[in-house]
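Structural overview for review
Residues per chain are reported as follows:
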Amino acid sequence: MSDTQKKATAYWKENLGYLIILLLIWFLVSYGAGILFKEALDTISIGGFKLGFWFAQQGSIYVFVILIFVYVRLMNKLDKKYGYDEA
């Protein structure tokens, strides 16, 4: 295996690790907080709405958007680390 192939393999392995972690966070927030832990979260209110309802309706969307920005930042660092940045 050439040096370029080793670098590309390491890059994608690290990229998939990031994806798995970020998707797991999104799953826990959207499915976990909105469905599985809804009853426990409904004991807390935000702006007059139960927290479980809030996560199901809006919280998971906010977390998803935040995770997009986190992924972009992680990928920019990863690109620089492996020399794939455009600069």
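These figures come from a predicted structure and were not determined experimentally. (Residues numbered from 1 in each chain as written. Predicted model: local features only at pLDDT ≥ 70, side-chain atom pairs only at ≥ 80, totals over all residues. Heavy atoms only, no water.)

With respect to the overall build of the protein chain
Regarding its fold elements, the protein chain presents three helices and two strands. If you list the helices and strands of the protein chain from N to C, you get α-α-β-β-α. Over its C-alpha atoms the protein chain spans a radius of gyration of 18 Å, topping by over 25% the 12 Å that the globule rule assigns to 87 residues. Looking at the 87 residues of the protein chain, the share that counts as buried comes to 23%. (Helix = DSSP H or I, 4+ residues; strand = E, 2+ residues; numbered from the N terminus. Rg over C-alpha atoms; globule rule 2.2 N^0.38 Å. Buried < 20%, exposed > 50% of the residue type's maximum accessible area, 1.4 Å probe, protein only.)

Quick look at the nonpolar core
Listed in full, the eight residues of the largest apolar core are L22, V29, A33, L41, L51, F55, V63 and L67. Of all the secondary structure elements, the ones that give two or more residues to this core are α1 (3-36) and α3 (51-82). Counting residues per element, this core draws most heavily on α3, which supplies four residues. (Core = buried A, V, L, I, M, F, W, Y, C linked by side-chain atoms within 4.5 Å.)

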